[in-house]
Amino acid sequence: MSPRAPQAPPRWLTLGLLGLVLGLSGAVLAKPQPLVKGPAQSPTTMQDWLRHPHSEKYYQESWTTILRSQEGLILYLNFIYTNLGVFSGSTAVNASLALPGKTAKFYRYDYKTKDFSQDAATGRIRIANSSMTLANGKDVTIAVAEKGFGLDLRLTGWMPGVKHHTGRLCLRDGCKEWVDHYVHVPRASVQGTLTLGGQTIPITGDAYLDHMVQNVLGTDYSTRWYTMRYFAPGHTVAFLVWDSPEDLQRERIIRYFATDREKILTFGTQFDLKTDAAKKDPKGHTYDTRFVFSAPPTASGWSFSGEARGGRLHDRDALTERLSWAERQVVGLVAGNPVFYRLEGKAQVTLGGPGGQTVPLDGTCLMESVVLGGE
């Protein structure tokens, strides 16, 4: 983070951009490796849920909820804590909200690190007047109380959270650079309300919640992201794929799972994904809108394969486009122009189970195609 801005960027930039997209240098590792301890499919714990205090110069932590209501409302909600770089550190509550059939609007509420607190006894993390509380290893209560934007949500988890071994991915030799990933809520049924500009909107739907901790920054381990969350009536299929940069030998980093209403059916890191049907946005950037994927049988005997086709682009978020000209010049030197494309897609998936059983699924999914380099 050597270039210095003529004036300090706004705090939200530290959270929403620098934490995601800047990179560090490091020694080459043959490929990223998980920190192996315990079963490959391990339950998440309260310790995983709470903040992981860290003194390293580059450190960020984020809790992300992804929700789709029965009426078609789509919400991406982030609680963020960071002590990044030359800045003193910040916390924030950020949301991308798309009302049914509408384009998303972005809401951000920035605070200082002293405004973050947590209570291990109750499982509550708090940023100013907003909080998330984990109970029973799977249920989450979300209370957001910001000016013009509020949430009162109850996520009833279908099953406990899951992580790959310890949840830690070591990027380089000695595991001095790492990313932690915890899926605290693989799938939940949601009840609650959204308050928007004084209007209260009831919400009934489905959600997913994960949690990332990292002592490196986004482009240090990824150039593109592809994600899908498919909330079928009785099943869930989800994956997160990162394409790593050249100094990590372009290794594809994968986490996926499928569930029924009670348990994780299959969970793994070996997964085939092909992407195409690229589209070009008005700024000339391209993003993929079709995912073809397959997961081989695991020890549980379950596998799946399918296709997701992006339909409505409900959210195009180019972070640097919200900056002033001077700020864009500084950030562009080190971060390029990361762009998030979020689509409401159509998924067709077939689950394969023990004894040759098959479960066909067909419905609406949420897709992301994230271009970190801005090409």
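Here the structure is a predicted model, which is why all the values come from computation and not from measurement.

Procedures and definitions
- Residues numbered from 1 in each chain as written.
- Predicted model: local features only at pLDDT ≥ 70, side-chain atom pairs only at ≥ 80, totals over all residues.
- Heavy atoms only, no water.
- Disulfide = S-S within 2.5 Å.
- pLDDT = per-residue confidence, 0-100.
- Contact = heavy atoms within 4.5 Å.
- Core = buried A, V, L, I, M, F, W, Y, C linked by side-chain atoms within 4.5 Å.
- Buried < 20%, exposed > 50% of the residue type's maximum accessible area, 1.4 Å probe, protein only.
- Helix = DSSP H or I, 4+ residues; strand = E, 2+ residues; numbered from the N terminus.
- Pairing = 2+ DSSP bridges.
- Axes fitted to C-alpha atoms, helices over the stretch in contact; angles between N-to-C directions.
- Phe/Tyr/Trp six-rings, centres within 6.5 Å; stacked < 30°, edge-to-face > 60°.

Enquirer: Please explain the state of the cysteines as it appears in this structure.
Expert: Such a bond, covalent and formed between the sulfur atoms of two cysteines, is termed a disulfide. Scanning the entire structure with this criterion turns up 1 disulfide. The disulfide partner of Cys170 is Cys175, and the S-S distance across this bridge is 2.0 Å. An S-S torsion of about -80° defines the bridge between Cys170 and Cys175 as left-handed.

Enquirer: Just checking my understanding: could you explain the confidence of the model for the protein chain for this structure?
Expert: Low-pLDDT stretches of the model should not have their predicted coordinates read in fine detail. When pLDDT is averaged along the protein chain, the result is 87; 85% of the residues meet or exceed 70. Under a pLDDT of 50 for its full length, residues 1-29 has, in the predicted model, 95 contacts with residues more than four places off or in other chains. Every residue in residues 326-335 is under pLDDT 50, and counting partners more than four places away or in other chains gives 19 contacts.

Enquirer: Looking at this model, I keep getting lost on the nonpolar core. Mind explaining?
Expert: Where a protein is soluble and globular, its nonpolar side chains tend to be buried together. Counting 39 residues, the largest nonpolar core has Leu75, Leu77 and Phe149 as the members making the most contacts within it. A total of 7 residues in this core trace back to one element, the largest contributor, which is strand 14 (residues 178-196). When residues no more than four places from it in sequence are discounted, the contact partners of Leu75 are Thr65, Ile66, Leu67, Ala95, Ser96, Leu97, Phe149, Leu151 and Leu153. In terms of nonpolar packing, the next biggest core, distinct from the first, is built from 32 residues, Leu273, Phe304, Ala318 and Tyr341 among them.

Enquirer: Quick question: what am I supposed to make of the sheet that holds strand 26 (residues 358-371) here?
Expert: Whenever strands of a sheet pair, they do so through backbone hydrogen bonds, lying parallel or antiparallel. Read across the sheet, 9 strands follow the order 19-18-17-16-26-25-24-23-20 without closing on themselves; strand pairing throughout is antiparallel. Across the chains shown, the open sheet's two edge strands, defined by having one partner strand only, are strand 19 (264-268) and strand 20 (272-276). Direction aside, the axes of adjacent strands within the sheet are offset by 15° on average. Relative to strand 25 (residues 339-352), strand 24 (residues 303-318) runs antiparallel, the two being bridged by 14 bridges.

Enquirer: Help me out: how do you make sense of the packing of aromatic side chains in this one?
Expert: Think of a pair of aromatic rings as described by two things: how far the centres are apart, and how the planes are tilted against each other in angle. On inspection of all chains with the given rule, the structure shows 18 aromatic pairs. Ring geometry for Trp63 against Phe116: centres 5.9 Å apart, planes inclined by 20°, an arrangement best described as stacked. One end of the pair, Trp63, is in strand 3 (residues 60-69); the other, Phe116, is in strand 7 (residues 116-119), and 53 residues separate them in sequence. For the pair Trp63 and Phe116, a shared accessibility class is recorded, and that class is buried. With a centroid separation of 4.0 Å and an interplanar angle of 10°, the aromatic rings of Tyr287 and Tyr341 are classed as stacked. On the criterion of sequence distance, the pair formed by Tyr287 in strand 22 (residues 286-287) and Tyr341 in strand 25 is long-range, its members being 54 residues apart.

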